[in-house]
Amino acid sequence: MSEISPRAEVSPKAKIGNNCKIFPFVYIEDDVVIGDNCIIFPFVSILNGTRMGGHNKVHQGAVLGALPQDFGFRGEKSELIIGNSNIIREHVVINRATHTGCQTVIGNDNFLMEGAHISHDTKVANQCVFGYGTKIAGDCHIGSGVIYSSSVIQNAGTRVGDGAMIQAGSTFSKDVPPYIIAGGTPVVYGGVNTSMCRVYGISEKVLKHIANAYRLVFHGQTSLFDAVMQIKEQVPDSDEIRAITSFIEQSQKGIIGKM
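Residues numbered from 1 in each chain as written. Predicted model: local features only at pLDDT ≥ 70, side-chain atom pairs only at ≥ 80, totals over all residues. Heavy atoms only, no water.

The subject of this paragraph is helix α2 (residues 204-218). An α-helix turns once per 3.6 residues; consequently, residues spaced three or four apart project the same way. With 15 residues, α2 should cover 21 Å at 1.5 Å per step; its first-to-last C-alpha distance of 21 Å lies within 8% of that length. For α2, the complete set of buried residues consists of V206, L207, H209, I210, A211, A213, Y214, L216, V217 and F218. The inward-facing, buried residues of α2 abut β27 (180-183), β28 (188-192), α1 (194-199), α3 (224-234) and α4 (239-249). (Helix = DSSP H or I, 4+ residues; strand = E, 2+ residues; numbered from the N terminus. Expected span 1.5 Å × (residues − 1). Buried < 20%, exposed > 50% of the residue type's maximum accessible area, 1.4 Å probe, protein only. Contact = heavy atoms within 4.5 Å.)

Now for unusual backbone geometry. One can expect most non-glycine residues to show negative phi and most peptide bonds to be in trans. Here the amide bond leading from T185 into P186 is cis, since omega sits at -5°, within 30 degrees of zero. Tracing the backbone shows P186 in the loop between β27 and β28. Of note, Q127 is a non-glycine position whose phi angle comes to about 60°, a positive value. For Q127, the location among the structural elements is in the loop between β18 (123-124) and β19 (129-130). Accessibility expressed as a relative area gives 47% for Q127, which makes it partly exposed. For D139, which is not a glycine, the phi torsion comes out positive at approximately 65°. In this structure, D139 sits in the loop between β20 (135-136) and β21 (141-142).

Our next topic: the packing of α3 against α4. With their axes 10 Å apart at the nearest point, α3 and α4 run at an angle of 160° to one another. Classified by the interaxial angle, the pair formed by α3 and α4 is roughly antiparallel. Of the two elements, α3 crosses α4, and the hand of that crossing is left-handed. Across the interface between the two elements, L224, V228, I231 and K232 from α3 touch I241, T245, I248 and E249 from α4. Class assignment of the residues belonging to the contact of α3 with α4 gives a composition of 5 nonpolar, 1 polar and 2 charged. (Axes fitted to C-alpha atoms, helices over the stretch in contact; angles between N-to-C directions. Parallel < 35°, antiparallel > 145°, perpendicular 65-115°, else oblique. Left-handed = near helix turned anticlockwise from the far one by under 90°. Nonpolar A, V, L, I, M, F, W, Y, C, P; charged D, E, K, R; others polar.)

In this structure, R96 sits in the loop between β14 (93-95) and β15 (103-106). Among buried Asp, Glu, Lys and Arg side chains, R96 stands out as unpaired, with E29 the closest opposite charge at 7.1 Å. Side chain to side chain, R96 and S78 meet in a polar contact 2.8 Å long. (Lys, Arg positive; Asp, Glu negative; His and termini not counted. Salt bridge = Lys/Arg side-chain N within 4 Å of Asp/Glu carboxyl O. Polar contact = N/O pair within 3.5 Å; in protein donor to acceptor, adjacent residues only side chain to side chain.)

Attention now moves to the pattern of salt bridges. Inspection of every chain in the model, using the stated rule, returns 9 salt bridges. The partner of E204 in a salt bridge is R198, with the nearest N and O atoms 2.7 Å apart. The network of salt bridges with common partners includes D31, R51 and E79.

Moving on: the nonpolar core. Ranked by internal contacts, the top residues of the largest apolar core, which has 66 residues, are F130 and Y148. Mapped by element, the contributors of at least two residues to this core are β6 (32-34), β12 (79-82), β27, β28, α2, α3 and α4. Among all residues touching F130, those that are not within four sequence positions of it are F111, L112, M113, A116, I118, V124, I136, I142 and Y148. (Core = buried A, V, L, I, M, F, W, Y, C linked by side-chain atoms within 4.5 Å.)

When you line up the elements, F71 lands in the loop between β11 (63-66) and β12. Considered as a pair, F71 and V93 are 22 residues apart in the sequence and their alpha carbons are 18 Å apart.

Spatially, the 9 strands line up as an open sheet ordered β2-β5-β8-β11-β14-β17-β20-β23-β26, and their pairing is parallel. Whereas interior strands pair on both sides, the edge strands pair on one side only; in this sheet they are β2 (9-10) and β26 (171-172). Note that β11 and β14 share 3 bridges and pair parallel. Note on β14: the bridge partner recorded for A66 is N95. (Pairing = 2+ DSSP bridges.)

In structure tokens:
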């Protein structure tokens, strides 16, 4: 059984898992699914289309499944999918997707600090940290283990690779490759994110290979295409190096710090 305050407004059509605690003044609409062992603090709104896994904590004033702030939205049914063991702090807003059959996705073990905003159709993987007031625009893709410092703005349709870190106050409109630190105005490459790489268990040898790969990308005098070819020819192969070359090859917005 779950503990639901009589002062919460929870639709009888909503599906609430076992052992949840829902505090007073929570508002939950009809088309909502909440998994087991979730804690929903006061003044949270969970709106139609939200599907949440287990062991999540949602703090005061958060809005989940908010209508997309997209001029293409026509009132269609869409979803916000939230995985397991996420911490969603005060006044976080996460929009559901814009069109029927589409989803905004938050994976597992993410930490969204106060005032963060994840917009429509964005896909977030696992174990990411979103600092105070960070704003992620629509249709973005964010890998695992990404760390955003405070007040970062990520513009629409951009990607951030696994294990990257974005420094405070940065605004970017191009892709941020895996395993790097990025920041400044304009945002540029600031070295390899060795701390997160070590958390991932990446060896010192492979760390050197990653650094060599990014020297070719950011400090060489060649195009991105040529830099990728040089990486494949000169840098020993590994899963991490393949992740870097694949990310760059798939970029449609371009890479930060490169024309």
